[in-house]
Amino acid sequence: MTRSAPIDAREALSELLWPTRCVGCNLPGELLCEQCRADLPWIDQRWACPVCGAPGGWLTCTECDRSRDHVDQAIPSDATTSVTAWDVRATICSLPFDGVGAALVTCLKDGHELRLAPIMAAAMACSLDEARAWDALDGRPRFDALHTDVLCFVPATPAAYARRGFDHMELVARALSPFIDVPVLDALARRDASDQRALGKESRAQNLAGTIEVVADVHGLNVLLADDVITTGSSMNEAARVLLAHGAKSVTACALARVC
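This structure is a prediction, so every number in the text was calculated from the model and none was measured. (Residues numbered from 1 in each chain as written. Predicted model: local features only at pLDDT ≥ 70, side-chain atom pairs only at ≥ 80, totals over all residues. Heavy atoms only, no water.)

## Some words on the packing of aromatic side chains
Geometry of an aromatic ring pair is reported as the spacing of the ring centres plus the angle between the planes.
Here is step 1 of the chain: What the rule picks out here adds up to 1 aromatic pair.
Here is step 2 of the chain: Consider the rings of Trp 47 and Trp 58, whose centres lie 5.8 Å apart with planes at 90 degrees: the pair is edge-to-face. Here Trp 58 lies in the loop between α2 (34-38) and β1 (90-96) and Trp 47 lies in the loop between α2 and β1, a separation of 11 residues in the sequence.
Here is step 3 of the chain: For Trp 47, a relative accessible area of 44% puts it in the partly exposed group.
Here is step 4 of the chain: The ring of Trp 47 carries the charged tip of Arg 46 above its face, separated from the ring centre by 4.0 Å. (Phe/Tyr/Trp six-rings, centres within 6.5 Å; stacked < 30°, edge-to-face > 60°. Helix = DSSP H or I, 4+ residues; strand = E, 2+ residues; numbered from the N terminus. Buried < 20%, exposed > 50% of the residue type's maximum accessible area, 1.4 Å probe, protein only. Lys NZ or Arg CZ within 6 Å of the ring centre and 35° of its normal.)

Laid out in C-alpha cells, this is it:
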C-alpha cells in the first residue's frame, strides 16, 4: 500500500490541476459523460452499407457502388465515378466522423489522451455485436467472433509514430481484443506517404499503393482489420489487399468513425 501512495498522490494532484473533462461537452468528471454517451449518434448497422459501412447505404451505396440487389455489379473501366472498389467482405463503423466521433479520435491521436483507447474500443465492440444480426453480401453475419481468427490494425506511419510516441490503433486494438475475444496480431507495417488529408479518392489510393506490408503469417486466417476513421477507404483497402495477397482467407473491416 505504501508503494502506491506516491502514484496515487501524483494522479490526485494531476486531476486537481488538470481535471478530466468530457470530450463531448467539456464538463469535468469523465472522459465521456453519461449524457454524451446517451446521445451518441450510432450508425444503425441494419441500414449501413454491408460492404463499406456508409450510413444508409444498405440498398444502394454511392460510396462503393455496390447494391444488395446487384451483388456482382462491376465498376466499368471507363467509369467517371470516383467510387472506391472495396476488397473487404464487410465493414462495421460505429459513429459518423463528426462531433463526439471526431473528438474521440483527435483527442486520442493529437491530444495524447490515451485513456480514450478503451472507450473507443468499447464503442466499436458495441457495433460489432450489433453487426452479428445482419448479413454481409456473402450471406454470413457481417461479424462473427467465432469465425474470426485474429484482430489486426492499420498501423501508423513512422513519421506519425515518431511525432506521437505511440500507435493509437495498436492501443485501441489491444483494448478491443478482450471485448470480442479475438487475439491481436501485429501483422502490418507501414512506410511514410504524403499527407492524405488534401488528396481526393483516386490520389489517396495511388499515394498509399505499396506503402503497407505484411510482417506476420496470415495464411488461411479470417482477419478483423481495425482503423480509427474511414474516409475514402483507401488505407483500409490497401491493408486488406496486402493481407489477402499474403494468403488471408477473408478481411472484415471495422472503425470507430465513418466520414459520411
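Don't stop here, the text continues.
## Quick notes on unusual backbone geometry
Here is step 1 of the chain: For His 112, which is not a glycine, the phi torsion comes out positive at approximately 55 degrees.
Here is step 2 of the chain: By the element assignment, His 112 lies in the loop between α3 (100-109) and α4 (116-131).
Here is step 3 of the chain: The backbone phi angle of Asp 181 is positive, close to 60 degrees, even though this residue is not glycine.
Here is step 4 of the chain: Along the chain, the position of Asp 181 falls in the loop between α6 (168-180) and β3 (188-190).

## Describing the environment of Gly 247
Here is step 1 of the chain: Structurally, Gly 247 can be placed in the loop between α8 (234-245) and β6 (250-258).
Here is step 2 of the chain: Linking Gly 247 and Gly 220, residues 27 residues apart in sequence, is a C-alpha distance of 5.9 Å.
Here is step 3 of the chain: Residues within four places of Gly 247 in sequence aside, it is in contact with Val 218, His 219, Gly 220 and Leu 221. (Contact = heavy atoms within 4.5 Å.)

## Considerations on the nonpolar core
Here is step 1 of the chain: Residues Leu 104, Leu 128, Leu 151, Val 172, Leu 176, Ile 180 and Leu 256 are the most contacted members of the largest nonpolar core, which totals 40 residues.
Here is step 2 of the chain: Among the secondary structure elements, those contributing two or more residues to this core are β1, α3, α4, β2 (150-153), α6, β5 (222-230) and β6.
Here is step 3 of the chain: Top element by residues in this core is α4. It accounts for 9 residues.
Here is step 4 of the chain: The residues contacting Leu 104, other than those within four sequence positions of it, are Val 23, Leu 95, Leu 116, Ile 119, Met 120 and Leu 256.
Here is step 5 of the chain: Membership of the second largest hydrophobic core comes to 32 residues, among which are Ile 43, Cys 49, Ala 187 and Ala 248. (Core = buried A, V, L, I, M, F, W, Y, C linked by side-chain atoms within 4.5 Å.)

## Quick notes on the pairing of β2
Here is step 1 of the chain: Where burial is concerned, the two faces of β2 agree: the one with Val 150 and Cys 152 and the one with Leu 151 and Phe 153 are both buried.
Here is step 2 of the chain: Alignment of β2 against β5, held across 4 bridges, turns out to be parallel. Looking across to β5, one finds that Phe 153 is bridged to Ala 226. (Pairing = 2+ DSSP bridges.)

## Considerations on the side chain of Thr 252
Here is step 1 of the chain: Note that Thr 252 resides in strand β6.
Here is step 2 of the chain: For Thr 252, a relative accessible area of 7% gives the class buried.
Here is step 3 of the chain: When neighbours within four sequence positions are excluded, Thr 252 is seen to be in contact with Arg 89, Ala 90, Ile 92, Arg 142, Val 223, Leu 224 and Leu 225.

## Quick look at the pattern of salt bridges
For side chains of opposite charge, pairing can occur when their charged atoms come near one another.
Here is step 1 of the chain: Under the criterion given, the structure shown has 8 salt bridges.
Here is step 2 of the chain: The partner of Arg 37 in a salt bridge is Glu 30, with the nearest N and O atoms 3.3 Å apart.
Here is step 3 of the chain: Residue Arg 115 pairs with Glu 113 through a salt bridge whose shortest N-O separation is 2.8 Å.
Here is step 4 of the chain: Look at the salt bridges and you will find they share partners, linking Arg 89, Asp 138 and Arg 140 into a network. (Salt bridge = Lys/Arg side-chain N within 4 Å of Asp/Glu carboxyl O.)

## Description of the side chain of Asn 222
Here is step 1 of the chain: Looking at where Asn 222 falls in the secondary structure, it is placed in strand β5.
Here is step 2 of the chain: Of the polar contacts made by the side chain of Asn 222, one reaches the side chain of Ser 250; its length is 2.7 Å. (Polar contact = N/O pair within 3.5 Å; in protein donor to acceptor, adjacent residues only side chain to side chain.)

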